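Residues per chain, in single letters:
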Amino acid sequence: MAKKLIDSPEKLADEVLSSPKYRRMKLPRETVMNIIHQLQEDGWKGSDLDRQVRLKLHHLTAPYLGDLQEEVDYSGFGKNEPLAAYQPLCSALLAQHTSTRERLQLLETFYARLFEITGKPGKILDLACGLNPFSLPWMPGAETIEYHAYDIIEPRLTQIERFFTHTGLKGTVHLQDILLQAPGESADAVFLFKEIHRMEDRKKGSVRGLLEALQAPWLLVSLPTRNLTGSRNLLDLHRRLIASILSGLSWPVTEVLFSNEVVFVIRK
Ligand SMILES: C[S@@+](CC[C@H](N)C(=O)[O-])C[C@H]1O[C@@H](n2cnc3c(N)ncnc32)[C@H](O)[C@@H]1O
């Protein structure tokens, strides 16, 4: 039977959000509506619009990068467990998503090297966080840091919130499309790791607007230095991307290069 053509953006959003693929993710409705409106502005209609919306969402949520397989079991952990005791469990969790799996081998020095430049932040926003909050057991002084995690995939945030509760970390989670609504709260540092290239694909110029809106003296923006298969070096391409996003702004940038990720430490 031919698929019924959906004639309104609202109905198309309903259909996509209730589809088996996206039902579980519980994406913000405004994200899907924004993508539909943008594609309509670009002239897409009917079944082509439907196809393009699903393609864009697939790219945005990147299911091919992996996700948490199941509910995390904390039964083996006591009440006052030191944070470092969570490292083996968190290694297994971080390994389930490509971005954080690639970062696992860097974690012993990752935050220490960044905080050499920024000083130890008291409050951090981790934007488009994915599974990165599970790297907190490697962060120097994490026990006293306030940590606020933002993403658009609800089950991930639920798991991160459970982690904060079990470890006693001072953290909150926010289901928020940061390109549609930049976080309003101020912080000492903002992490925006390995996502701005996809954000610029979603809407060219969107990352500059976001960085300008953020209220923090340090913006730590990272990008991978190789493509997913490891066959292509992306360092120069990504240096040019950052330079073009920041062009005309007088914000000093210090580049911290790791084996598979480059962090641009921006003093705003
Ligand atoms: C490639 S992962 C990167 C995760 C993490 N930053 C890291 O480097 O490990 C991208 C994450 O960004 C989230 N994301 C993408 N666009 C977003 C947006 N506009 N607002 C909030 N989260 C977003 C996705 O849901 C996904 O969890």
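Reading the values: rules and limits
- Residues numbered from 1 in each chain as written.
- Predicted model: local features only at pLDDT ≥ 70, side-chain atom pairs only at ≥ 80, totals over all residues.
- Heavy atoms only, no water.
- Pairing = 2+ DSSP bridges.
- Helix = DSSP H or I, 4+ residues; strand = E, 2+ residues; numbered from the N terminus.
- Axes fitted to C-alpha atoms, helices over the stretch in contact; angles between N-to-C directions.
- Contact = heavy atoms within 4.5 Å.
- Phe/Tyr/Trp six-rings, centres within 6.5 Å; stacked < 30°, edge-to-face > 60°.
- Buried < 20%, exposed > 50% of the residue type's maximum accessible area, 1.4 Å probe, protein only.
- Lys NZ or Arg CZ within 6 Å of the ring centre and 35° of its normal.

Student: Sorry if this is basic, but what is going on with the sheet that holds strand S1 (residues 123–127) here?
Tutor: Sheet strands line up and pair through hydrogen bonds in the backbone, either parallel or antiparallel. The mixed open sheet is built from seven strands, whose spatial order is S3-S2-S1-S4-S5-S7-S6. In this open sheet, the two strands that pair with only one neighbour each are strand S3 (170–175) and strand S6 (253–257). Along the sheet, successive strands turn relative to each other by an average axial angle of 20°, direction set aside. Relative to strand S4 (residues 189–193), S1 runs parallel, the two being bridged by four bridges. Looking at S4, one finds that isoleucine 124 is bridged to alanine 189. Sheet strands in contact with helix H7 (residues 107–118) are S1, S4, strand S5 (218–224), S6 and strand S7 (261–267), and its direction is about 20° off that of S7. Helix-sheet contacts for helix H8 (residues 154–167) involve strand S2 (146–151) and S3, and the interaxial angle to S3 is about 170°.

Student: Help me understand the packing of aromatic side chains, please; the structure alone is not making it clear to me.
Tutor: Note on aromatic pairs: each is described by the distance of the centres and the angle between the planes. Summed over all chains, the structure comprises 13 aromatic pairs. Centroid distance tyrosine 86 to phenylalanine 163: 6.1 Å. Interplanar angle 85°. Geometry classified as edge-to-face. With tyrosine 86 in the loop between helix H4 (46–61) and helix H5 (87–94) and phenylalanine 163 in helix H8, the pair connects residues that are 77 residues apart, well separated along the chain. Across the pair, exposure class does not vary: tyrosine 86 and phenylalanine 163 are buried alike. Note that arginine 113 overlies the ring of phenylalanine 258, its terminal NZ or CZ placed 4.5 Å from the centroid.

Everything listed here is a matter of geometry and, on its own, says nothing about what the molecule does.
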